[in-house]
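Results of the structural survey
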Amino acid sequence: MDDLQVRPTAQSAAHHPAQPAADPSVQPLSHPPAQPREPGAPHPAPDPANSPAHALTHGPADGPAYDLADLHARLAAGLPPEALLTDPDVTASYATDMASFCTAGRPAAVVLPRTVEQVRHVMRTATALRVPVVPQGARTGLSGGANASDGCIVLSLIRMDRILEIDTVDRIAVVEPGVVNAVLSRAVAERGLYYPPDPSSWEQCTIGGNIGTASGGLCCVKYGVTAEYVLGLDVVLADGRLLRTGRRTAKGVAGYDLTRLFTGSEGTLGVVVGAVLALRPAPPRQLALAAEFPSAAAACEAVCAVMEAGLTPSLLELMDRTTVRAVNALGRMGLPETTEALLLAAFDTPDPAADLAAVGELCTAAGATAVVPAEDEAESELLLQARRMSLTALEALRPATMIDDVCVPRSRLGRMLDGTAAIAERYGLTVGVCAHAGDGNTHPVVCFDPADEDEARRARESFDAIMALGLELGGTITGEHGVGVLKKEWLARELGPVGLEMQRAVKHAFDPLGLLNPGKLF
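The rules behind these values
Residues numbered from 1 in each chain as written. Predicted model: local features only at pLDDT ≥ 70, side-chain atom pairs only at ≥ 80, totals over all residues. Heavy atoms only, no water. Pairing = 2+ DSSP bridges. Helix = DSSP H or I, 4+ residues; strand = E, 2+ residues; numbered from the N terminus. Buried < 20%, exposed > 50% of the residue type's maximum accessible area, 1.4 Å probe, protein only. Salt bridge = Lys/Arg side-chain N within 4 Å of Asp/Glu carboxyl O. Axes fitted to C-alpha atoms, helices over the stretch in contact; angles between N-to-C directions. Contact = heavy atoms within 4.5 Å. Phe/Tyr/Trp six-rings, centres within 6.5 Å; stacked < 30°, edge-to-face > 60°. pLDDT = per-residue confidence, 0-100. Lys, Arg positive; Asp, Glu negative; His and termini not counted. Parallel < 35°, antiparallel > 145°, perpendicular 65-115°, else oblique. Left-handed = near helix turned anticlockwise from the far one by under 90°. Nonpolar A, V, L, I, M, F, W, Y, C, P; charged D, E, K, R; others polar.

**Side note on the pairing of strand 6 (residues 163-167)**
Two elements, strand 6 and strand 7 (residues 172-175), share 4 bridges in a ladder whose sense is antiparallel. Bridge pairing in strand 7 links Glu165 to Val174. Counting the residues that bridge the hairpin from strand 6 to strand 7 gives 4 residues, and of these Arg171 lies at a positive phi of roughly 55°.

Here's what the structure looks like:
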């Protein structure tokens, strides 16, 4: 079960970034997915050729073997001593992200650069010796996308952590990739501005990692995901050339949108070394409410009513009964355990109380048994703290978890939650669901014991069943966590053969030797 996406619980273990003289522009160098299954039909066995375990048994395109001592010597020639780690006991600690049970290899070296030129040196060396490179941020990802491959160079960008500029007129920030999300958010807040993307790991995750997975967060229902805020990038390509994409202007449609292409590419096309990010004026403080429902379907009906009414909540989150009880057990939050689904809504509008009252009426009409608006900011934050605690609380139920990230059209959210509950019952497992309900983005969390072989098998099968359900409902296998290692087979199913062929062609154009993050995506 090494290829599972599971997390051990606590109980178990004024300018763009500076660049050298312009390089030549990038020059292009010159298995069909499974058919969708009918509802209720058995799930086909994964194709071994597309499985994560198989993908990590082969590296980049054929090239000359390299000598480890030569690699270390060449890297050291262009790096300060503290930037290069070669002790196997140390480099092994950089092998995985938060999906700790996904397949991973042993790095040949770990490099922690502080400058763009050091990154370029690493990529030139890698190209010369045909060594794979795995870019990493804070390794808070949940799909194995930052996992090392055997003999690779892990390129950790966490020391490139400078905020280079905050411009209050153009409303942009220019940052290096290792800047922590929360650090940037607080820095721009001091200038009366707002950087909306707020992943649950915002106190640890980096902007570079957020860009790599196009990550989201609780505020996406109103403000959108990371991709909406990336205006331009500085990217070191596989051969060491430096590419600048995008702009720092409010508008710009010149040429293909390479900025969007790199955003969400999980380090497979280039190494992001700088970013121009859009900012917004700081909104008013938000107020929240909680609504109890007798069923997940009723809660989802309320979500649809809120969106259809044209309201603009800054947050619209859902927790099922399993999640509510887990949060109470861990944090003694006093949430109503009799509820089958708890809906949290918040507004940061000029008159949030009126907006919350409108939501309350829609919730009552949808069958809510209780609607409790917060009286002030402190009560609102307490409600949101309960939601942020969801994953940690579910992790405490069993030794490990598998975290799904399936997004469906809002109109089918109720069917997604009811289907997930049926899957949990069919496989005899505890599955808690927390969701960015306003986006239709669900996070079913399968709780299980990896030491129990049968339970681990059922957990993996239920994980696949949940992803299949999402596709059947017209959804996608990932809304914000990325594909990484685990979901490669499912990406092929979602894209179809023509889509997969085009994606591989793009990969080859930017990385013809297959050096960047091999074994990820497809």
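So, next bit.
**Re the sheet that holds strand 3 (residues 109-111)**
Taken together, 4 strands build an open sheet; the order of strands is 2-3-5-4 and the sheet is mixed. The sheet is open, and its two borders are formed by strand 2 (84-85) and strand 4 (133-136), each paired with just one other strand.

**Focus on the environment of Ala297**
As for its placement among the helices and strands, Ala297 is situated in helix 9 (residues 296-308). You can call Ala297 partly exposed: its relative accessible area is 35%. The sequence separation of Ala297 and Asp418 amounts to 121 residues, and the corresponding C-alpha distance is 7.2 Å.

**Some details on the pattern of salt bridges**
Scanning all chains against the criterion turns up 23 salt bridges. Of the charged contacts in the structure, one is a salt bridge between Arg457 and Glu461, with a shortest N-O distance of 3.2 Å. Pair noted here: Arg457 and Glu461 are both in helix 15 (residues 453-472), with a separation of 4 residues, about one helical turn. By relative accessible area, which is 35% here, Arg457 ends up partly exposed. Judged by relative accessible area, Glu461 falls into the partly exposed class, the value being 32%. In this structure, a network of salt bridges that share partners links the residues Asp454, Arg457, Arg458 and Glu461.

**Describing the sheet that holds strand 9 (residues 230-236)**
Strand pairing in a sheet relies on backbone hydrogen bonds, with the paired strands running either antiparallel or parallel. Across the sheet, 5 strands lie side by side as 6-7-11-9-10; this open sheet has antiparallel pairing. Two strands close off the open sheet at either side, each with one partner strand: strand 6 and strand 10 (242-246). Ignoring strand direction, the axes of neighbouring strands in this sheet form an average angle of 10°. Where strand 9 meets strand 11 (residues 271-278), 6 bridges bridge the pair, whose relative direction is antiparallel. In the sheet register, Val230 faces strand 11, and the bridge partner there is Leu277. Together, strand 6, strand 7 and strand 11 form the strand contacts of helix 5 (residues 181-189), whose direction differs from that of strand 6 by roughly 35°.

**Points about the packing of aromatic side chains**
Following the criterion strictly, the structure yields 3 aromatic pairs and no others. Residues Tyr194 and Tyr223 carry aromatic rings whose centres are separated by 5.2 Å and whose planes lie at 85° to one another, so their mutual orientation is edge-to-face. You can see Tyr194 sitting in strand 8 (residues 193-194) and its partner Tyr223 sitting in helix 7 (residues 220-223), a full 29 residues away along the chain. Arranged with centres 5.3 Å apart and planes meeting at 75°, the rings of Phe262 and Phe510 form a pair that is edge-to-face. Residue Phe262 is found in helix 8 (residues 258-262), and its partner Phe510 is found in helix 16 (residues 488-510); the two are separated by 248 residues along the sequence.

**Section: the confidence of the model for the protein chain**
Across the protein chain, the average pLDDT comes to 88, with 87% of residues at 70 or higher. Taken together, the stretch residues 1-59 has pLDDT below 50 and engages in 143 contacts with residues farther than four places along the chain or on a different chain.

**Considering the side chain of Asp320**
With respect to the helices and strands, Asp320 occurs in strand 14 (residues 315-320). Buried Asp320, no salt bridge; nearest opposite-charge side chain is Arg321, N-O distance 7.4 Å. Aside from chain neighbours lying at most four places away, what touches Asp320 is Glu340, Ala341, Val431, Gly432 and Val433.

**Here's the deal with the packing of helix 14 (residues 413-427) against helix 15**
In contact at an axis separation of 10 Å, helix 14 and helix 15 are set at 160° when each is read in the N-to-C sense. Considering their axes alone, helix 14 and helix 15 lie roughly antiparallel with respect to each other. Considering how the two elements wind past one another, helix 14 and helix 15 form a crossing that is right-handed. The segment helix 14 lies against helix 15, with Arg415, Met416, Gly419, Thr420, Ile423, Arg426 and Tyr427 engaging Arg458, Glu461, Ser462, Ala465, Ile466, Leu469 and Gly470. Considering only residue class, the contact of helix 14 with helix 15 consists of 6 nonpolar, 4 polar and 4 charged.

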